[in-house]
Amino acid sequence: MIDGDTIVVAGDERVRLIGIDTPEKGECGFEYAKLSLENLLSDGEIIFFDGAASDTDKYGRLLRYVEVSGVDAGLQLITEGLAIARYDSRDGYGKHDREDQ
């Protein structure tokens, strides 16, 4: 677990959740967002879906939707007030599949 929007999976691969932004380390809300994602990921089967305009970001992280037992992790963090919707066509990036949600 890196933070509320980036995780590390098998093989040390970093995965960035599509369409959200959470506080960085040292910023207000960082621990809450990280803990919420960590709790969600420990709660069931994790499935990754692609859907961004690009497969990776400028840091080489895979861009994926992350679902846990049918719950969209990014949307859950937004709903909890721990993330904001970002990195979509409103910000000059490509439109992603779940942007309208």
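To be clear, the structure that these remarks concern was listed above.
Residues numbered from 1 in each chain as written. Predicted model: local features only at pLDDT ≥ 70, side-chain atom pairs only at ≥ 80, totals over all residues. Heavy atoms only, no water.

**Q** What's the story with the overall build of the chain in this structure? I'm lost.
**A** From N to C terminus, the chain includes 2 helices and 7 strands. Order of helices (α) and strands (β) in the chain, N terminus to C terminus: β-β-β-α-β-β-β-α-β. For the chain, the exposed surface amounts to about 6,000 Å²; the carbon and sulfur share of it is 48%. (Helix = DSSP H or I, 4+ residues; strand = E, 2+ residues; numbered from the N terminus. Areas by Shrake-Rupley, 256 points an atom, 1.4 Å probe, with all protein chains shown as cover.)

**Q** Looking at this structure, how should I read helix H1 (residues 30-41)?
**A** If you check H1, its first and last C-alpha atoms are 17 Å apart, about what 12 residues at 1.5 Å a residue would give, namely 16 Å. Listed in full, the buried residues belonging to H1 are Phe30, Ala33, Ser36, Leu37, Leu40 and Leu41. Relative to the axis of H1, the buried residues are bounded by an arc of 145° and lie together on one face. Of the residues in H1, the exposed ones pointing more than 90 degrees away from the buried face are Glu31 and Tyr32. Buried-residue contacts for H1 involve strand E1 (6-9), strand E2 (13-17), strand E4 (46-49), strand E5 (62-68), strand E6 (71-72) and helix H2 (73-79). (Expected span 1.5 Å × (residues − 1). Buried < 20%, exposed > 50% of the residue type's maximum accessible area, 1.4 Å probe, protein only. Arc of directions from axis to C-beta. Contact = heavy atoms within 4.5 Å.)

**Q** Explanation requested: the side chain of Thr22 in the structure shown.
**A** Take Thr22: it is sitting in the loop between strand E3 (20-21) and H1. From its side chain, Thr22 meets the backbone nitrogen of Gly4 in a polar contact 3.5 Å long. Aside from chain neighbours lying at most four places away, what touches Thr22 is Asp3, Gly4, Asp5, Ala33, Leu77, Leu82 and Ala83. (Polar contact = N/O pair within 3.5 Å; in protein donor to acceptor, adjacent residues only side chain to side chain.)

**Q** What's the story with the side chain of Ser36 in this structure? I'm lost.
**A** Here Ser36 shows up in helix H1. Given a relative accessible area of 15%, Ser36 falls into the buried group. A distance of 2.5 Å separates a polar atom in the side chain of Ser36 from a polar atom in the side chain of Glu80. Ignoring sequence-local partners within four residues, the contact set of Ser36 consists of Leu77, Glu80 and Leu82.

**Q** How should the pairing of E5 be read in this particular structure?
**A** Each regular strand shows side chains that alternate between the opposite faces of the sheet. In terms of burial, E5 is a largely internal element, 7 of the 7 residues being buried. Residues Leu62, Arg64, Val66 and Val68 line one face of E5 and the alternating positions Leu63, Tyr65 and Glu67 line the opposite face, and both faces are buried. Note that E4 and E5 share 4 bridges and pair antiparallel. Paired with Phe48 across the two strands is Val66, which belongs to E5. For E5 and E6, the ladder comprises 2 bridges, and the chain directions are antiparallel. The residue of E6 that forms the bridge with Val68 is Val71. Taken together, E5 and the strand that follows it, E6, pair antiparallel across an intervening segment of 2 residues, in which Ser69 is found at a positive phi of about 50°. (Pairing = 2+ DSSP bridges.)

**Q** Hey, could you run me through unusual backbone geometry in this one?
**A** Among all residues except glycine, the phi angle is most often negative; among peptide bonds, the trans geometry is most common. Although it is not a glycine, Asp12 sits at a positive phi angle of roughly 65°. Relative to the helices and strands, Asp12 resides in the loop between E1 and E2. A residue is classified by how much of its surface remains accessible, and Asp12, at 59% relative accessible area, is exposed. Its identity as a non-glycine residue notwithstanding, Ser69 has a phi of 50°, on the positive side.

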